[in-house]
Amino acid sequence: MKEVNLKNLAITAVIGIALWFCPIPEGVTPDAWHLFAIFVSTILGIILKAAPMGTMCMLAVGLTAFFQLLAPGDPGKSIALSLSGFGDKVIWLIGISFFIARGFIKTGLGNRIAFLFIRAFGKSTLGLAYGLGLADLVLAPAIPSNTARGGGIIYPIMKSMAMNFGSDATKPETHKKLGSFLTLNCYYMNLIASSMFLTGTASNPMCQKFAADMGINISWMSWAAAGFVPGLVAFILTPIVLYKIFPPELKKTGDAPKVAAEKLREMGKLSISEILMLMTFVILLALWITGDLFSIDATTTAFIGLAILLLTSVLTWDDVKAEKGAWDTIVWFAVLVMMASSLNKLGFIGWFSDLVKGKMGDMDWHYAFPIIVIVYFFSHYIFASATAHVAAMYAALLGVGVSLGVPPVLLAMMLGFMGSIYGTLTHYGHGPAPVFFGSGYVELKSWWTYGLIIGVMLLAIYLVVGTSWMSLIGAF
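A quick note: this is a predicted structure, and the numbers were derived from the prediction, not measured. (Residues numbered from 1 in each chain as written. Predicted model: local features only at pLDDT ≥ 70, side-chain atom pairs only at ≥ 80, totals over all residues. Heavy atoms only, no water.)

Draft legend 1. Local environment of the overall build of the protein chain. On a plain count of helices and strands, the protein chain comes out with 22 helices and 0 strands. Here the protein chain has a C-alpha radius of gyration of 23 Å; the compact-globule value for 476 residues is 23 Å, and the two agree. In terms of overall dimensions, the protein chain has C-alpha extents of about 70 × 50 × 50 Å along its principal axes. In the protein chain, which comprises 476 residues, the share counted as buried stands at 55%. Sequence separation of at least 24 residues holds for 77% of the intrachain contacts in the protein chain that already meet a minimum separation of 6. In the protein chain, which carries 29 positive and 24 negative side-chain charges, the distance between the mean positions of the two groups comes to 9 Å. (Helix = DSSP H or I, 4+ residues; strand = E, 2+ residues; numbered from the N terminus. Rg over C-alpha atoms; globule rule 2.2 N^0.38 Å. Buried < 20%, exposed > 50% of the residue type's maximum accessible area, 1.4 Å probe, protein only. Contact = heavy atoms within 4.5 Å. Lys, Arg positive; Asp, Glu negative; His and termini not counted. Charge placed at Lys NZ, Arg CZ, Asp CG, Glu CD.)

Now the structure itself:
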């Protein structure tokens, strides 16, 4: 299979060259504009799938260094700055957390947690939906790869449950019996859980980094405190609403707890590796929650967790080397963060913010705030990657909002939450989407229709409940 689409790569190159040579706006330095041209080309290439994300990002590094955009006249410093993203602590938080996620999957602890919730809540279809959602929620703080969490742990169990109740993915006439409802619900619950914790999905620390570049401090605990109430409301309402508008034919799943109990019996007692994984999980949570008190940041905590897993042989170095998804993510996250941060340092984000502010006039921030969030949410239709969307628009829209007087922490958090829940809109909108959509339980039209309905509901919950809650706790 060819990795490079020459037609789309040519389109990307033409647009990039056109941007490069077009007149530079007043107030923008040539280096900032040329870096912007490379950045736009990289994002466009990712959207069009002109080449793998890693390939596009390596091209960006090469071009940035070749033209010495970050350090004119100093080739050595230019390449060092082009690679500076790899030294960013946020990148390593994301990468290491992928390795920690591998520990949950390798030991079977993730599956055990899911079966425990199914055994407790799975007597009805709605209870089964909540049980699978709760499993995802419990795992979310320590597994920031929501693809690994949803696709690697929750999805196989969900599909197994659907098959056990006669909802066969290969037989369309049985899809609505149980499989269709569970597929959409598990995906939505995954996104809600992702929004509630800084370490819930890989793009959240990216938001934290861009906010920090603008002087807005977001810690693991402050994110969790702000996201807890709107996330909880969304978590409670989503299965009920979906159950009403997209009802499963099967209402009772009385055998689900028995199936889960049988699976737990087959797994036997907690193994030593599971106990060690559980202890590491508790240590991670404790340090993430109390890290501010001891000046221990989230990345340091992740390193401690990985070191424990390696020293106790829960993970081996071969496991770390074999986690291709982590290394791939480290590469393209580092490059996207480098370019987006450099655009801010070169003054491009400030110029863009002032430009948009001028167009919007003296609009009161109370009106500007929901407009910015809604624009960010629905623009996700054109993005096939949550990460690419965050890299392309988060910092720019945050800068615009702050310049219009929107409380910085409020907007930074709300845009961060949107980075998860806008994944409801399409079958390509977030990492786990292709896995769940690929099951075949939900046809494309239904996916987009119900995704829009649930997405609008979640958007309203976060804007109304989330804003009220953050005001109540003094976040702004």
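Draft legend 2. Representation of the domain arrangement of the protein chain within the structure. Parsing the protein chain into structural domains produces domain 1 (1–85) and domain 2 (87–201 + 220–322). For domain 1 versus domain 2, the separation of C-alpha centres amounts to 37 Å. (Domains from an automatic or database assignment.)

Draft legend 3. Geometry of the side chain of S41. Along the chain, S41 falls in helix 2 (residues 30–48). On the accessibility criterion, S41 (12% relative accessible area) is buried. Within the structure, S41 has its side chain in polar contact with the backbone oxygen of A37 (distance 2.8 Å). (Polar contact = N/O pair within 3.5 Å; in protein donor to acceptor, adjacent residues only side chain to side chain.)

Draft legend 4. Representation of unusual backbone geometry in the model. Residues other than glycine seldom take positive phi values, yet K49 does so here, at roughly 55 degrees. Phi is positive for Q68, which is not a glycine, with a value near 50 degrees. Relative to the elements of secondary structure, Q68 occurs in the loop between helix 3 (53–66) and helix 4 (75–82).

Draft legend 5. Molecular detail of the pattern of salt bridges. Counted according to the given criterion, the structure contains 10 salt bridges. As a salt-bridge pair, R102 and E323 come within 2.9 Å of each other at their nearest N and O atoms. Taken together, the residues span a long stretch of sequence, with R102 in helix 5 (residues 89–107) and E323 in the loop between helix 15 (317–322) and helix 16 (324–345) at a distance of 221 residues. Take R102: its relative accessible area is 29%, and that puts it in the partly exposed class. With a closest N to O distance of 3.9 Å, D255 and K258 form a salt bridge. Within the structure, one salt-bridge network assembled from shared partners comprises D88, K209 and D213. (Salt bridge = Lys/Arg side-chain N within 4 Å of Asp/Glu carboxyl O.)

Draft legend 6. Layout of the nonpolar core. Grouped together as the largest cluster of nonpolar side chains are 162 residues, with contacts concentrated most on F104, L336, Y394 and M418. Counting residues per element, this core draws most heavily on helix 16, at 12 residues. For L336, the contacting residues outside a window of four places in its chain are F39, T42, I43, I46, M53, C57, M206, T387 and A391. (Core = buried A, V, L, I, M, F, W, Y, C linked by side-chain atoms within 4.5 Å.)

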